[in-house]
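Residues per chain, in single letters:
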Amino acid sequence: MKYFNLPVLGAICIGLFSCEKSEVKQEESLLNKAEVIFDKSYPEINDTYFNMKINHNDDLFLNGYETVIKVDKDGNLKWTVTGSPNSRTANDLAPTKDGGCIVLFVEQLPYSRKYSLVKISSAGAIEWEKTGENYEIYKIVVGDDDMIYGVADLKEDGYWSKNKPKLFKYTMDGEYLSSEFITDTRDEISYQSELMYKLNNNNFVVGTFSSVTPERENYDFHIVEFDKDANNISERNYGGYRNDHLMDIAECPDGGLILMGYSNSKDGDIKSWRDELTYENGGNAWVVRLGKNREIKWEKIMGGTEISWFRKAVYYNNKLLVAFHTTATDIDFQSPERPKGGFIVLDDQGNITDKKYIGEDMIYCAFDSQGFLIMLTYNHDDYYGTYTPRLIKIR
């Protein structure tokens, strides 16, 4: 009969338990400074931008309240197009294959709004402009079939009916072709489309900020997937009892989806909740990995005592990179800088392998073809009331 040395055995068990806790703690607290590739400001511009898109050449397009700008992959400003003479706001844009972009302008009139689609060339010249009631849309994308697609939430059955998403089609010359309400949407929801994403199979996903369940605080990660003929493929929502705000969508190599934004919930689909987190901070960053069947494969919530959110995602070298913004300095974002932006790196199972950050605010962002993150922030002059855009590329 063999006898075990109990003190040694106890020490081994304690050591194994300590190693397991150490690995968990390392994933939660690991925070590394990112390398800055460029940091450029544009003092000739005074505007606030709320959207940024990137094309196949890694050129950036930013649309704001008064201007649209194009910046090349090295951060050099190529051109600026204003909404003048009518003080129009560039509400959305979509890059085109020729190096230009389609811009959705909105002009506020005394009793209505005027919507226009405008094509800007690679060199910054306006090639055409279309306007009218068939252009009253909220979001636009360019399809793989060289068509322009837009979505708007409109009343299908008269004034008292709820808003439903409607798909609009245009040629690449901006000519209106058709519009159809997306089929088989939910009767109890009044839709408010926040973003539109084109999938690799030329289907589309709309993410909404819509009330989805009357039994609770009910803004979920809510998506409607449909084809180019407005046929509903699937409609799903993910979240917990409290409000969850979807901020962006990305596609996975296997046809799955990444949903990202922030959550005020700690239950329901938020299985990764930990008791050290709080939901009284304005929101915790939440990312959800969906399979092809749109079931959750994994999800991860991260936060601190102040608000955090996830903003963009991309797959690069078989790793998932997800950009974050936070004003927290503790728990999952332990560093003294406040605010800060950066990205986390995750493997196929949703395990964090790295976190990169800089101590700068992040208003918007985009990943380029090399997996580098370009962050939009501002140099704000309180005295003159100016906002100078600033782009920082990190890795």
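Quantities reported herein were computed from a predicted structural model and do not represent experimental measurements. (Residues numbered from 1 in each chain as written. Predicted model: local features only at pLDDT ≥ 70, side-chain atom pairs only at ≥ 80, totals over all residues. Heavy atoms only, no water.)

What's the story with the sheet that holds strand β6 (residues 77-82) in this structure? I'm lost.
Either a parallel or an antiparallel arrangement is found when strands of a sheet pair, and the pairing is made through backbone hydrogen bonds. Read across the open sheet, the four strands follow the order β3-β4-β5-β6; overall the sheet is antiparallel. The open sheet terminates on both sides in strands that have one partner only, identified here as β3 (49-54) and β6. Each strand axis lies, on average, 15° off the axis of its neighbour in the sheet, ignoring direction. Bridge analysis of strand β5 (residues 67-71) against β6 gives five bridges, and the strand direction is antiparallel. Of the residues in β6, the one forming a bridge with V71 is L77. (Pairing = 2+ DSSP bridges. Helix = DSSP H or I, 4+ residues; strand = E, 2+ residues; numbered from the N terminus. Axes fitted to C-alpha atoms, helices over the stretch in contact; angles between N-to-C directions.)

I'm lost on the nonpolar core in this one. Help?
One recurring pattern in soluble globular proteins is that nonpolar side chains are buried together. If you look at the biggest cluster of nonpolar residues, it comprises 19 residues, and the most contacted ones within it are I258, F310, V322 and I344. Looking at which element gives the most residues to this core, the answer is strand β24 (residues 319-326), with three residues. With residues up to four places along the chain from it excluded, the contact list for V322 reads V287, F310, K312, A313, G342, F343, I344, L346 and F367. If you look at the next biggest cluster of nonpolar residues, it comprises 18 residues, including F221, I249, I301 and I331. (Core = buried A, V, L, I, M, F, W, Y, C linked by side-chain atoms within 4.5 Å. Buried < 20%, exposed > 50% of the residue type's maximum accessible area, 1.4 Å probe, protein only. Contact = heavy atoms within 4.5 Å.)

Would you take a moment to explain the packing of aromatic side chains for this structure?
Remark: the centre distance and the inter-plane angle together describe each pair of aromatic rings, the angle taken between the planes. Counted according to the given criterion, the structure contains 13 aromatic pairs. An angle of 85° between the planes, with centres 5.9 Å apart, marks the rings of Y378 and Y387 as edge-to-face. An aromatic cluster is present here, built from Y135, Y170 and Y176 joined pairwise through their rings. Stacked on the ring of F38, the Lys or Arg K40 has its end atom at 5.9 Å from the ring centre. Sitting over the face of the ring of F105, R88 holds its NZ or CZ atom 4.5 Å from the ring centroid. (Phe/Tyr/Trp six-rings, centres within 6.5 Å; stacked < 30°, edge-to-face > 60°. Lys NZ or Arg CZ within 6 Å of the ring centre and 35° of its normal.)

What is the right way to look at the sheet that holds strand β17 (residues 221-226) in this model?
Here we have four strands laid out as an open sheet, ordered β15-β16-β17-β18, and antiparallel in their pairing. In this open sheet, the two strands that pair with only one neighbour each are β15 (193-198) and β18 (232-238). Sheet twist, expressed as the mean angle between neighbouring strand axes with direction ignored, is 20°. Two strands pair when backbone bridges link them, and β15 and strand β16 (residues 204-208) are joined in this way by five bridges, in the antiparallel orientation.

How do you make sense of the pairing of strand β14 (residues 176-181) when you look at a structure like this?
Regular strands place side chains that alternate from one sheet face to the opposite one. The pairing of strand β13 (residues 163-170) with β14 spans five bridges and is antiparallel. Residue pairing for β14: K169 is matched across the bridge by S178. Hairpin connection between β13 and β14: a loop of five residues separates the two successive antiparallel strands, and G174 in this loop has a positive phi of roughly 85°.

Explain unusual backbone geometry to me, please; I cannot follow it from the model alone.
Peptide bonds are mostly trans, and most non-glycine residues show a negative phi. Residue P339 follows R338 across a cis peptide bond; omega there is 0°. Along the chain, P339 falls in the loop between β24 and β25 (340-346). The phi angle at A230 is positive, at roughly 70°, despite the residue not being glycine. Overall, A230 belongs to the buried group, its relative accessible area being 1%. In the Ramachandran plot, N317 falls in the positive-phi region, its phi being about 50° despite a non-glycine side chain. Topologically, N317 is positioned in the loop between β23 (308-316) and β24.

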